[in-house]
Amino acid sequence: MIAMIHKTAYILAYDMLRKKGVHDWVERRAGGIIGLPYLSLILVALLTLKDEPSTGHKIVTGILIGWAVVAAWCTSGFQFKTSDWRMEIREELDLRYLYWKKAIAVYYAVVIAVAVAAGIVMPYI
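What you see is a predicted model; the values in this text were computed from it and never measured. (Residues numbered from 1 in each chain as written. Predicted model: local features only at pLDDT ≥ 70, side-chain atom pairs only at ≥ 80, totals over all residues. Heavy atoms only, no water.)

1. Digging into the side chain of Thr-61
Here's step 1: Tracing the backbone through its elements, the reader meets Thr-61 in helix 3 (residues 55-79).
Here's step 2: For Thr-61, a relative accessible area of 10% gives the class buried.
Here's step 3: Apart from residues no more than four positions distant in its own chain, Thr-61 is found in contact with Ala-45, Leu-49 and Met-122. (Helix = DSSP H or I, 4+ residues; strand = E, 2+ residues; numbered from the N terminus. Buried < 20%, exposed > 50% of the residue type's maximum accessible area, 1.4 Å probe, protein only. Contact = heavy atoms within 4.5 Å.)

As structure tokens, then:
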């Protein structure tokens with residue numbers, strides 16, 4: 001499910017950039033757009049580091065960075081392969097466009113909410 005959300009978000013970002021008339025580095029820009037929420041996880045983990053972190057702080061930092069690394073690994077796998085999966089995603093978008101758009105919004109909202117919550121809680125751990 002998460003891989004499908006990433007693939008669909010990639011195609012939507014790719015199509016958005018193409019419609020805007022951007023022709024340079026479209027694939028990398030689309031990959032960057034879907035990677036922005038995970039950058040927020042890494043930034044929160046790094047910006048809240050203490051001189052001597054506690055065990056809880058180490059666990060939360062490890063979870064945030066691990067989640068971001070796994071998501072980046074998932075997205076890089078399909079970005080560098082051939083475009084066979086793109087037709088499948090476009091067909092799925094033709095059938096259930098609003099469903100996938102809402103699923104992407106909810107998923108990324110959860111990622112950003114976790115980053116914000118961790119940013120608020122981390123100084124007190």
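2. As for the layout of surface pockets
Here's step 1: A volume near 160 Å³ is recorded for the second largest pocket.
Here's step 2: Taken together, Leu-12, Asp-15, Met-16, Lys-19, Arg-90, Leu-93, Asp-94 and Tyr-97 make up the full set of residues lining the second largest pocket.
Here's step 3: Where the lining of the second largest pocket is concerned, the elements lending two or more residues are helix 1 (2-19) and helix 4 (84-95).
Here's step 4: Here the element with the most residues in the lining of the second largest pocket is helix 1; it accounts for four residues.
Here's step 5: In terms of residue class, the lining of the second largest pocket is built from four nonpolar, no polar and four charged. (1 Å grid on protein atoms, 1.4 Å probe; cavity = no way out; pocket = protein on both sides within 12 Å on 5 of 7 lines; lining within 4 Å. Points joined across faces, edges and corners; volume = space filled by probe spheres on them. Nonpolar A, V, L, I, M, F, W, Y, C, P; charged D, E, K, R; others polar.)

3. A closer look at the environment of Tyr-14
Here's step 1: As for its placement among the helices and strands, Tyr-14 is situated in helix 1.
Here's step 2: Using a relative accessible area of 10% as the deciding quantity, one classes Tyr-14 as buried.
Here's step 3: Expressed as a C-alpha distance, the spacing of Tyr-14 and Arg-29, which sit 15 residues apart in the sequence, is 7.9 Å.

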